[in-house]
Amino acid sequence: MSKSNFVFVLDAGLKPLAPCTSGVARSLLKAKKAAVYRRFPFTIVLFKQVASTPESIELKIDPGSKTTGFALVQNRKVIFGAELTHRGQTIKSSLESRRSLRRGRRTRHTRYRQARFLNRTRPKGWLAPSLQHRVDTTMTWVNKFIQLAPIGAVTQELVRFDLQQLENPEISGIEYQQGELAGYEVREYLLNKWDRKCTYCETENMPLQIEHIQPKAKGGTNRISNLCLACEKCNLKKGTQDLEQFLAKKPDLLRKIKHQAKRPLKDATAVNSTRLTLFNQLKETGLPVSTGSGGLTKFNRTRLGLAKTHWLDAACVGQVETLEILIDQPLLIKATGHGTRQMCRTDKFGFPCRYVPRNKFVQGFQTGDIVRAVVVTGKKAGTYVGRVAVRSTGSFNISTSEGLVQGISHKYCKTVHKKDGYNYAF
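Given the structure is predicted, the values throughout are model-derived calculations rather than measurements.

Cut-offs applied
- Residues numbered from 1 in each chain as written.
- Predicted model: local features only at pLDDT ≥ 70, side-chain atom pairs only at ≥ 80, totals over all residues.
- Heavy atoms only, no water.
- Buried < 20%, exposed > 50% of the residue type's maximum accessible area, 1.4 Å probe, protein only.
- Helix = DSSP H or I, 4+ residues; strand = E, 2+ residues; numbered from the N terminus.
- Arc of directions from axis to C-beta.
- Pairing = 2+ DSSP bridges.
- Axes fitted to C-alpha atoms, helices over the stretch in contact; angles between N-to-C directions.
- Polar contact = N/O pair within 3.5 Å; in protein donor to acceptor, adjacent residues only side chain to side chain.
- Patch = residues over 30% accessible without salt bridge, like charges linked within 9 Å, V, L, I, M, F, W, Y side chains within 5 Å.
- Areas by Shrake-Rupley, 256 points an atom, 1.4 Å probe, with all protein chains shown as cover.
- Salt bridge = Lys/Arg side-chain N within 4 Å of Asp/Glu carboxyl O.
- Lys, Arg positive; Asp, Glu negative; His and termini not counted.
- Charge placed at Lys NZ, Arg CZ, Asp CG, Glu CD.

K.L.:
Lay out helix H9 (residues 251–261) with the relevant residues and their values.
P.N.:
The complete set of buried residues in H9 reads Leu253, Leu254, Ile257, Gln260 and Ala261. The buried side chains of H9 occupy one side of the element, clustering within an arc of 130 degrees when seen end-on. Opposite the packed face of H9, turned more than 90 degrees from it, sit the exposed residues Asp252, Arg255 and His259.

Next comes the structure, spelled out in structure tokens:
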């Protein structure tokens, strides 16, 4: 039997109460003691005010470059999970496209907007739009959860890798260096640095071992810059040979490995800088904020025998003794944006080619609304639920989980969830 997310509950004054199970929510709705407040995440509102103070819930966050995981934990029980997919790459592509179109018009000496990059300064703490978007959307959902549930504390995975510990293992003493957790920090970093492949044969999806590029028998150290990953076959074959001797007949691979080994920690630093900005904004909510590292998250998840997913990673962030998972599927949230402010569409050369209507609403619907359409006759008879794209003719397109359905009349559509810049699924 599927175990769904708990349902958020508000009282008549919109004060957040303890979430309840879907069965309890169904009973309250049938007894007409509550009404549906919003569909995603599903929230009900009671018809009376509640004076008692609900038990607090911990919100846990696992920030990621493409997907961020959320978990709500109460008394060591995970009652809600969600995965937020960012649109940072889409933003980056749009900005690059706009830049190329403007430069093209300047080069051809056609009508263009003057470049303004010489009279602008970046404020302190500036992030690229694609990175700032990640912080903003995460904070949007943090604030939503605070409004919908009695959040009492926040725990965030602050750093993917403890860079200071990796560069200087003795910084916190010998216990950290030799402890059980240290191996997880190093191994997780190496898996990302070497793309989860064998360094020498590039084999994937098999057990990998930590390998010293310069053998310890010949003066090699345990510094992170001297470590890589290798399959058992390559590790045994290399033995205590120098890298140059082992790859004498493969100069291209030798050059690639040397370059990769010296690669700075800039990728991890970029992610960490975004997480630090998020951390500072979380502190501005006024809630107590605690942190943990990516190595600790993986250590907790492996020790508890949980699957590798974003929302379960979020549940394992920070100090975790035990966890009881009361749900088996998260709410999947995808950032879609709020449309565009362009007055017209452009062709590949940057010239206007299509008019965009000023009125965004058609028959009470707008692009981005989640609708339910029940078509009773014709070739397209059936029930469709998904994100709608409106047309001025009143014939809409609906993006469902099975694909795009075109030419559905507005007469068959009923709004399920108003546009808020996100798409939802399970």
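K.L.:
Can you lay out the sheet that holds strand S22 (residues 413–417) for me, pointing to particular residues and giving the numbers?
P.N.:
Overall, antiparallel pairing links the five strands, which are arranged S21-S20-S19-S18-S22 in an open sheet. For this open sheet the edge positions go to strand S21 (403–409) and S22, each flanked by a neighbour on one side alone. Along the sheet, successive strands turn relative to each other by an average axial angle of 45 degrees, direction set aside.

K.L.:
How would you explain the side chain of Asn226 if you had to name every residue and give the values?
P.N.:
Along the chain, Asn226 falls in the loop between strand S9 (209–212) and strand S10 (227–230). Looking at Asn226, its side chain comes within polar contact range of the main-chain nitrogen of Gln214, at 2.9 Å.

K.L.:
Mind laying out a positive patch on the surface, listing which residues take part and the relevant values?
P.N.:
Where like charges cluster on the molecular surface, the positive patch consists of Arg98, Arg113, Arg116 and Arg120. Taking the relative accessible area as the measure of exposure, Arg98 reaches 43% and is therefore partly exposed.

K.L.:
Tell me about the pattern of salt bridges, residues and numbers included.
P.N.:
A full pass over the atoms with the stated rule returns eleven salt bridges. Arg275 is the partner of Glu157 in a salt bridge, and the nearest nitrogen-oxygen pair spans 3.1 Å. With a gap of 118 residues between them, Glu157 in strand S8 (residues 151–159) and Arg275 in helix H10 (residues 266–283) connect regions that are remote in the sequence. Residue classification places Glu157 among the buried residues on the basis of a relative accessible area of 2%. Residue Arg275 is classed as buried on the basis of its relative accessible area, which comes to 4%. We note a salt bridge from Lys256 to Glu202, for which the minimum N-O separation is 2.7 Å. One end of the pair, Lys256, is in helix H9; the other, Glu202, is in the loop between helix H6 (180–193) and S9, with 54 residues separating them in the sequence. Lys256 gets classed as partly exposed once you look at its relative accessible area, which sits at 48%. In the salt-bridge network here, residues are joined through shared partners; they are Arg38, Lys144 and Asp420.

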